[in-house]
Amino acid sequence: MIVAPTHRLTLRIGPATFRIGSAWRRPIDQLARLYAGYPNAEGRIADFTVRLDPAGPLRRWLRPSIFITGDHGLADAAPMSLPHGLLAAEMGMNLQMALGWRRHLLLHASSVEKDGRALVMTGESGSGKSTLAAQLGERGWRLMGDEFALLDLFTGHVFPFPRLVSLKNSAIGVMEAEVDPARMGPPMRATAKGDIRHLVPRADAVARMGEGAAPALLLFPRFGHDLALRPVGQGEAFMRLTQASTNYVALGEPGFAALTRFVAETPAQAIDFPSGEAAIELVDQLWAALP
Amino acid sequence: MTARLLVEALRDPATVERLDAARWNALIAMARAERLIGTLAARITDRALPGDVRPIVTDALAEAEREKRQALWEADRAREALAALNVPVVLLKGTAYAAAGLRAEEGRFIGDLDILVPRADLDAVEAALIAAGWEWVKPDPYDDAYYRQWMHELPPMIHRTRDRMIDVHHTILPLTARQTPDAALLIADAVPLEDGLSILSPEDRICHAAAHMLADGDLAGGLRNLWDIHCLFGELPDRAMLEARAARHGLLPHVRRAQRLADHLYGSGTARLSAIDHLFIRRLLARDAWGRESRKLLRFAFFVRSHWLRMPPMMLARHLWTKWRKGHRPA
Amino acid sequence: MSKQTGYRRAPDDAVVVRPLDDITLIYHRPSGQTHMVVSPVPEIWAAMDPAVVMDADLVRERLALSYELDEAEEDMRAAIAAHLDEMAALGLVRRA
């Protein structure tokens with residue numbers, strides 16, 4: 001007998017509403033606590049359905065194993081253990097956005113806002129874009145997102161997707177030292193990407209999740225190298241951003257128009273840095289030098 | 001809760017104006033699971049919709065439009081690649097509906113490019129496609145030999161740079177199936193399109209859709225197939241011709257069953273269903289409010305049935321491989 | 001000399017062309033593909049007329065009207081023919 005997911009939660013993050021159903025209670029409770037400050041979305045019609053299903057007939061109880069699915073899923077997704085349920089839910093939401101969102105051009109990038117203008121940082125996992133955004137978010141910038149930046153197809157503005165910041169390995173200690181412990185999620189060890197802990201964005205970042213900003217600077221960060229700075233040409237920026245976008249191809253011509261406008265109008269720099277402090281200082285300098 | 005909610009919305013779009021939030025969530029999840037979200041969007045877009053539903057509908061329509069353009073481009077590329085061979089190339093399924101502007105194409109999810117060519121020309125077609133940049137999805141000489149000998153199509157190919165798949169058929173059912181449609185007739189009576197490609201005749205289109213749905217698979221994607229069939233029936237000039245043609249292909253029971261099921265779900269609802277028909281309906285509607293397939297035992301029974309239909313018993317071992325392959329391709 | 005292949009270019013509204021600082025982007029509407037190209041592809045595109053079937057020779061002559069071509073005729077023709085071939089594979093032009 002199949003039973004409908006007994007534990008549910010509806011969340012709104014930026015412009016997207018997610019209906020999450022889980023065979024287990026714990027991940028839902030954890031999500032509810034961490035997202036408590038977010039707008040109430042119960043009873044809304046959701047943009048996406050996310051499901052945490054048992055990975056096999058007995059896996060609801062015996063060595064519980066979570067299969068992440070929903071409207072969009074990957075048939076060969078590796079199941080996750082129950083202690084990582086919170087991570088499974090987050091991955092489920094990411095998957096829906098990456099495969100199904102069409103209302104903005106999605107960039108795999110972090111973004112922060114100051115004085116009505118946006119800084120967008122894009123790079124591979126480990127580039128430092130998420131940690132840097134989180135740190136800037138504690139230093140007078142408004143965090144718009146650590147994973148996805150949403151580019152408006154008509155205005156060219158960047159819009160927030162302020163999910164829980166996903167801190168990995170050494171970044172955990174860095175942020176633990178800076179923020180109120182109540183903003184930290186449960187530690188999750190030995191995931192596929194190492195140790196992970198979630199950080200709840202500051203209250204004003206959550207409150208202003210509907211507010212976009214004009215992009216003013218694009219950075220390609222690389223953590224763990226000697227300090228270096230190099231301007232990036234429009235062609236290179238375009239190519240790297242198409243690789244960093246999960247829905248560029250799906251959007252067709254509006255995606256092309258939005259991305260070409262973005263690279264034509266936004267100066268881009270590749271920055272290498274040995275530490276968070278060095279990066280922050282470099283960002284402040286570059287920002288101050290903007291026209 | 002079953003997929004009856006989805007079927008009602010497609011059959012009578014006015015009914016969506018009475019849905020509450022919970023039912024909207026269920027309807028959208030089911031439609032996506034059945035790959036009918038684009039079709040649903042096309043059916044309800046002129047209705048008064050809640051503010052949160054409108055962007056979902058807009059997105060689905062835009063997606064279907066883009067899919068259609070890509071599918072027609074793939075057909076164009078296949079035509080270019082095969083032009084020099086002077087071989088008849090008949091488009092099948094979704095791409096055919098899109099190319100011919102049929103009602104079945106509105107909002108439809110398309111997937112792979114399916115074409116039908118004469119069996120005698122298969123080698124030449126294969127060579128021309130490879131020269132134009134398509135390659136095998138899974139090169140394995142043993143599987144390959146089986147495929148070529150017994151299946152109704154070449155092993156699947158994918159284009160090297162565009163990453164889109166093509167299925168080249170030489171008839172519409174596996175050679176191991178109990179029915180043997182007349183492939184030469186399918187091609188001889190195909191309707192030419194402007195650009196040199198063709199599509200099946202109105203009667204053959206329905207025969208193919210019915211065969212594909214009932215004789216070839218385990219009814220996965222059945223609600224979508226039946227919607228196609230319902231639309232195709234709506235544009236059929238002459239029912240008598242259809243019956244005669246179906247009989248010629250040995251597909252009369254399939255076409256009649258498809259007609260009853262389509263009528264029951266999407267049409268007048270007056271068709272008299274047999275006990276087996278009711279079982280089919282239950283299988284087709286087995287979807288819950290979260291988009292999951294329900295009624296596991298029933299699904300398993302149909303899974304077994306589908307392989308029994310396709311293959312004589314001594315080939316049963318092969319079915320696992322076939323099913324795996326089908327499971328990894330868009331329906 | 002052997003007969004050259006003729007090509008017909010896609011109509012103006014089949015593409016959106018956006019020059020960036022170091023490359024040119026071409027969005028091809030029928031295929032939904034984005035191509036990043038450098039000279040002489042944008043120039044070849046501009047030199048072709050969708051209403052006229054053109055071979056590499058004719059394209060070279062048209063280009064010579066607007067640009068100084070410093071390579072030998074034969075080399076230029078071969079290079080242009082290669083580009084036209086690539087553009088045909090992408091669907092920007094068709095073999096006539």
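Our structure is the block above this text.
A few points on the structure. In this text, all values refer to a predicted model and were calculated from it rather than measured experimentally.

**Overview of the overall build of chain B**
And then number 1: The helix and strand inventory of chain B stands at 15 helices and seven strands.
And then number 2: The buried share of chain B, reckoned over its 331 residues, is 46%.
And then number 3: In chain B, once contacts between residues fewer than 6 apart in sequence are set aside, the share between residues at least 24 apart is 66%.

**What to know about the overall build of chain A**
And then number 1: In terms of helices and strands, chain A carries nine helices and 16 strands.
And then number 2: For chain A, the C-alpha radius of gyration of 19 Å lies close to 19 Å, the compact-globule estimate for 291 residues.
And then number 3: Considering only C-alpha atoms, chain A reaches an extent of 65 × 45 × 35 Å along its principal axes.
And then number 4: For chain A, the residues scored as buried account for 46% of the 291 residues in total.
And then number 5: Intrachain contacts of chain A at a sequence separation of at least 6 include 67% that bridge at least 24 residues.

**As for the interface of chain A and chain B**
And then number 1: Each partner contributes to the interface: chain A provides 16 residues, whereas chain B provides 21 residues.
And then number 2: Listed by contribution, the elements that provide at least two residues to the side of chain A that touches chain B are strand 2 (16–22) and strand 3 (48–54) of chain A.
And then number 3: Each residue belonging to the side of chain A that touches chain B can be placed in one class, and the counts come to five nonpolar, four polar and seven charged.

**Here we look at the nonpolar core**
And then number 1: Within the largest apolar cluster, 181 residues are counted, with the highest numbers of intra-cluster contacts made by L6, V90, I115 and A210 of chain B.
And then number 2: Looking at this core element by element, the count peaks at nine residues for helix 4 (residues 54–82) of chain B.
And then number 3: In this view, L6 of chain B contacts L27, M30, A31, E34, L36 and L223 of chain B; residues no more than four positions away in its chain are not counted.
And then number 4: Within the second largest apolar cluster, 14 residues are counted, among which are A47, M48, I80 and V93 of chain C.

**So, the packing of helix 3 (residues 129–137) of chain A against helix 9 (residues 276–288) of chain A**
Each pair of packed helices can be summarised by the angle the axes make with each other and by the distance between the axes.
Residue and element names in this part refer to chain A.
And then number 1: The contact between helix 3 and helix 9 brings their axes to 10 Å, and the two run at 70 degrees. The angle between helix 3 and helix 9 places the two elements in the roughly perpendicular class. Taken as a pair, helix 3 and helix 9 cross one another with a handedness that is right-handed. Counting all contacts with helix 3, which are made through T131, L132, Q135 and L136, the residues of helix 9 involved are G276, A279, I280 and V283.
And then number 2: Residues of the contact of helix 3 with helix 9, tallied by class, amount to five nonpolar, three polar and no charged.

**What about the interface of chain C and chain A?**
And then number 1: Facing the 12 residues of chain C at the interface are 11 residues of chain A.
And then number 2: When contributions to the side of chain C that touches chain A are tallied by element, the ones reaching two or more residues are strand 2 (15–19), strand 3 (24–28) and strand 4 (33–37) of chain C.
And then number 3: Split into classes, the residues belonging to the side of chain C that touches chain A amount to six nonpolar, two polar and four charged.

**Some points on the sheet that holds strand 12 (residues 188–191) of chain A**
Residues and elements named next belong to chain A.
And then number 1: With antiparallel pairing, the three strands of this open sheet are ordered in space as 11-13-12. With one partner strand each, in any of the chains shown, strand 11 (165–168) and strand 12 form the two edges of the open sheet. In this sheet, adjacent strand axes meet at a mean angle of 35 degrees when their direction is disregarded.
And then number 2: Most of the contacts of helix 2 (residues 85–100) go to strand 12, to which it runs at about 70 degrees, and overall it touches strand 11, strand 12 and strand 13 (194–199).

**A short note on the packing of helix 4 of chain B against helix 5 (residues 93–100) of chain B**
Residue and element names in this part refer to chain B.
And then number 1: Orientation of helix 4 relative to helix 5, taken along the N-to-C sense of each, is 100 degrees, at an axis distance of 9 Å. Here helix 5 runs roughly perpendicular to helix 4, going by the angle between their axes. Taken together, the residues of helix 5 that come into contact with helix 4 (itself represented by K68, A71, L72 and A75) are G94, T95, A98 and A99.
And then number 2: Residue classes in the contact of helix 4 with helix 5 are distributed as five nonpolar, two polar and one charged.

**What to know about the sheet that holds strand 4 of chain C**
Residue and element names in this part refer to chain C.
And then number 1: One open sheet holds the three strands; their spatial order is 2-3-4, and the pairing between them is antiparallel. Every interior strand has two partners, whereas the edge strands, strand 2 and strand 4, have only one. Taken over all neighbouring pairs, the strand axes of this sheet differ in orientation by 20 degrees on average, direction set aside.
And then number 2: Bridging between strand 3 and strand 4 involves five bridges; their strand directions are antiparallel. Following the sheet pairing, L25 is matched in strand 4 by M36.

**Some details on the environment of L151 of chain A**
And then number 1: Residue placement: L151 of chain A occurs in strand 9 (residues 148–152).
And then number 2: Distance from L151 of chain A to G212 of chain A, taken between C-alpha atoms, is 9.1 Å for residues 61 residues apart in sequence.

**Considerations on the environment of I68 of chain A**
All names here are of chain A.
And then number 1: Mapped onto the fold, I68 is located in strand 4 (residues 65–70).
And then number 2: Given 25 C-beta atoms within 10 Å, I68 falls into the buried group.
And then number 3: A C-alpha to C-alpha distance of 31 Å links I68 and V179, two positions 111 residues apart in sequence.
And then number 4: In contact with I68, other than residues within four places in its own chain, are L52, G73, A77, M80, A88, M91, G92 and L95.

**Some details on unusual backbone geometry**
And then number 1: Going from S39 of chain C to P40 of chain C, the amide bond is cis rather than trans, its omega being 5 degrees.
And then number 2: Along the polypeptide, P40 of chain C turns up in the loop between strand 4 and helix 1 (41–47).
And then number 3: Positive phi is not limited to glycine here, since K93 of chain B has a value of about 55 degrees.

**Considerations on the environment of L200 of chain B**
Residues and elements named next belong to chain B.
And then number 1: With respect to the helices and strands, L200 occurs in the loop between strand 7 (198–199) and helix 9 (202–214).
And then number 2: Along the primary structure L200 and A131 are separated by 69 residues, whereas in three dimensions their C-alpha atoms are 27 Å apart.
And then number 3: If sequence neighbours within four positions are ignored, L200 has contacts with V90, A96, L186, A190, R205 and H208.

Criteria and thresholds
- Residues numbered from 1 in each chain as written.
- Chains lettered and ligands numbered in written order.
- Predicted model: local features only at pLDDT ≥ 70, side-chain atom pairs only at ≥ 80, totals over all residues.
- Helix = DSSP H or I, 4+ residues; strand = E, 2+ residues; numbered from the N terminus.
- Buried ≥ 20, exposed ≤ 12 C-beta atoms within 10 Å, placed from the backbone.
- Contact = placed C-beta atoms within 7 Å.
- Rg over C-alpha atoms; globule rule 2.2 N^0.38 Å.
- Nonpolar A, V, L, I, M, F, W, Y, C, P; charged D, E, K, R; others polar.
- Core = buried A, V, L, I, M, F, W, Y, C linked by C-beta atoms within 7 Å.
- Axes fitted to C-alpha atoms, helices over the stretch in contact; angles between N-to-C directions.
- Parallel < 35°, antiparallel > 145°, perpendicular 65-115°, else oblique.
- Left-handed = near helix turned anticlockwise from the far one by under 90°.
- Pairing = 2+ DSSP bridges.

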